[in-house]
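Tertiary structure, described
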Amino acid sequence: MPPWHLHGKPRCDRRSWASSLCQHPRISEDSGVLTKVQATEHNGYDRVTFTFDASRPLPGYGVRYVPEVIKDPSARKVEMPGQAYLEISFSYANSITGKQGLGTLLKPNPERPVPISGLHLLRAYVMTSDRHGRTDFVLGLGDAVDFRVRNRGTAVFLDVRHR
């Protein structure tokens, strides 16, 4: 499990930019179901949007930089494009993997980073865990930059600021 506890009060101001641990507590013990991940570029930042099933509560989440990318449960190091690695960990969450697959989410292979082209900082992302009510992703970035995390409705937005 990540070293943070995803309950209690938020540990960051969602409107401002941060460079270290940022977390938001879970609101329910029901599992949110991740249905889509999308990367886009905006004026001044790149955004990864994590969309969850509207029939379930939004999970808690925490974001932090990690020194390397490790696949759970194998503890295998993942070769990831980029110079910095930003992890987002969702608690009480699952993805729609398995027979349904995550066609648009993790093509072609969920074991390997999904390359992203045409964005300012985001190089790739990979799902590193999807078990025991926890779903983790790591973003490979061109540089360690400030980030912010916000949620609205069924989506969690992770923005990384352009320099």
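Residues numbered from 1 in each chain as written. Predicted model: local features only at pLDDT ≥ 70, side-chain atom pairs only at ≥ 80, totals over all residues. Heavy atoms only, no water.

**Side note on the overall build of the chain**
Which entries qualify depends on this criterion: To qualify as a helix, a DSSP run of H or I must reach at least 4 residues; to qualify as a strand, a run of E must reach at least 2; elements of each kind are numbered from the N terminus. Only protein chains enter the area calculation, which uses a 1.4 Å probe; residues under 20% of their type maximum are buried, those over 50% are exposed, and those in between are partly exposed. In what follows, residue pairs with any heavy atoms lying within 4.5 Å of each other are defined as contacts. The Shrake-Rupley method, run with a 1.4 Å probe, gives the accessible areas here. Residue values count only the displayed protein chains as cover.
Across its full length, the chain carries 0 helices and 13 strands. Relative to its 163 residues, the chain shows a buried fraction of 47%. When contacts within the chain are restricted to residue pairs at least 6 apart in sequence, long-range pairs at least 24 apart make up 65% of them. Accessible surface, the chain: about 8,400 Å² in total, of which carbon and sulfur atoms supply 47%.

**So, the confidence of the model for the chain**
The condition is simple: Confidence of the prediction at every residue is given by pLDDT, a number between 0 and 100.
Looking at the chain, pLDDT values average 80 and 79% of them are 70 or higher. Here strand β1 (residues 22-24) stands out as the least confident element of the chain, with mean pLDDT 75; strand β13 (residues 155-161) is the most confident, with 94. In this model, residues 1-10 is a region of pLDDT below 50 whose contacts with residues beyond four sequence positions or in other chains number 27 contacts.

**Observations concerning the sheet that holds strand β4 (residues 60-66)**
Applied cut-off: Pairing between two strands is assigned when DSSP locates at least 2 bridges connecting them.
Taken in spatial order, the 6 strands of this open sheet run β1-β4-β7-β11-β10-β9, and their pairing is antiparallel. Pairing within the sheet leaves two strands with one partner each, and these edge strands are β1 and β9 (114-115). Pairing of β4 with strand β7 (residues 84-91), which is carried by 7 bridges, proceeds in the antiparallel orientation. Pairing of Val63 across the sheet is with Ile88, part of β7.

**Looking at the pattern of salt bridges**
Operational definition: Salt bridges are defined by distance alone: a side-chain nitrogen of Lys or Arg within 4 Å of a carboxyl oxygen of Asp or Glu.
The tally for this structure, following the rule as stated, stands at 8 salt bridges. Of the charged contacts in the structure, one is a salt bridge between Arg47 and Asp159, with a shortest N-O distance of 2.7 Å. In this pair, Arg47 is assigned in strand β3 (residues 45-52) and Asp159 in strand β13, connecting sequence segments 112 residues apart. Accessibility expressed as a relative area gives 10% for Arg47, which makes it buried. As a salt-bridge pair, Glu87 and Arg64 come within 3.1 Å of each other at their nearest N and O atoms. Pair noted here: Glu87 is in strand β7 and Arg64 is in strand β4, with a separation of 23 residues, a long-range link. Here the residues in one salt-bridge network are Arg47, Arg148, Arg150 and Asp159, joined through shared partners.

**Overview of unusual backbone geometry**
Backbone geometry at Ala75 places phi at a positive 60 degrees, although glycine is not the residue there. Inspection of the secondary structure puts Ala75 in the loop between β5 (70-71) and β6 (76-77).

**As for the sheet that holds β3**
Think of a sheet as strands paired side by side through backbone hydrogen bonds, with each pair either parallel or antiparallel. Going by this rule: With axes taken as lines fitted to C-alpha atoms, and helix axes fitted only over the stretch in contact, angles between N-to-C directions fall between 0 and 180 degrees.
Spatial ordering of the open sheet is given by β8-β2-β3-β13-β12, a layout of 5 strands whose pairing is mixed. A strand with exactly one partner marks an edge of an open sheet, and here the two such strands are β8 (93-95) and β12 (147-152). Across the sheet, the mean angle from the axis of one strand to that of its neighbour is 30 degrees, orientation sign disregarded. Sheet analysis places β12 next to β13, joined by 6 bridges and oriented antiparallel. Each bridged residue has a counterpart across the sheet, and for Asn151 the counterpart in β13 is Val156.

**Re the pairing of strand β11 (residues 134-141)**
Among the 8 residues that make up β11, 8 are buried, leaving the element largely enclosed by the rest of the structure. Alternating positions in β11 separate into two faces, Arg134, Asp136, Val138 and Gly140 on one and Thr135, Phe137, Leu139 and Leu141 on the other, with burial throughout. Examined bridge by bridge, β7 and β11 share 8 bridges and lie antiparallel to one another. Bridge assignment links Leu86 to a residue of β11, and that residue is Leu139. Sheet topology note: the strand β10 (residues 122-131)/β11 ladder contains 8 bridges and is antiparallel. By the bridge assignment, Ser129 is partnered in β11 with Asp136.

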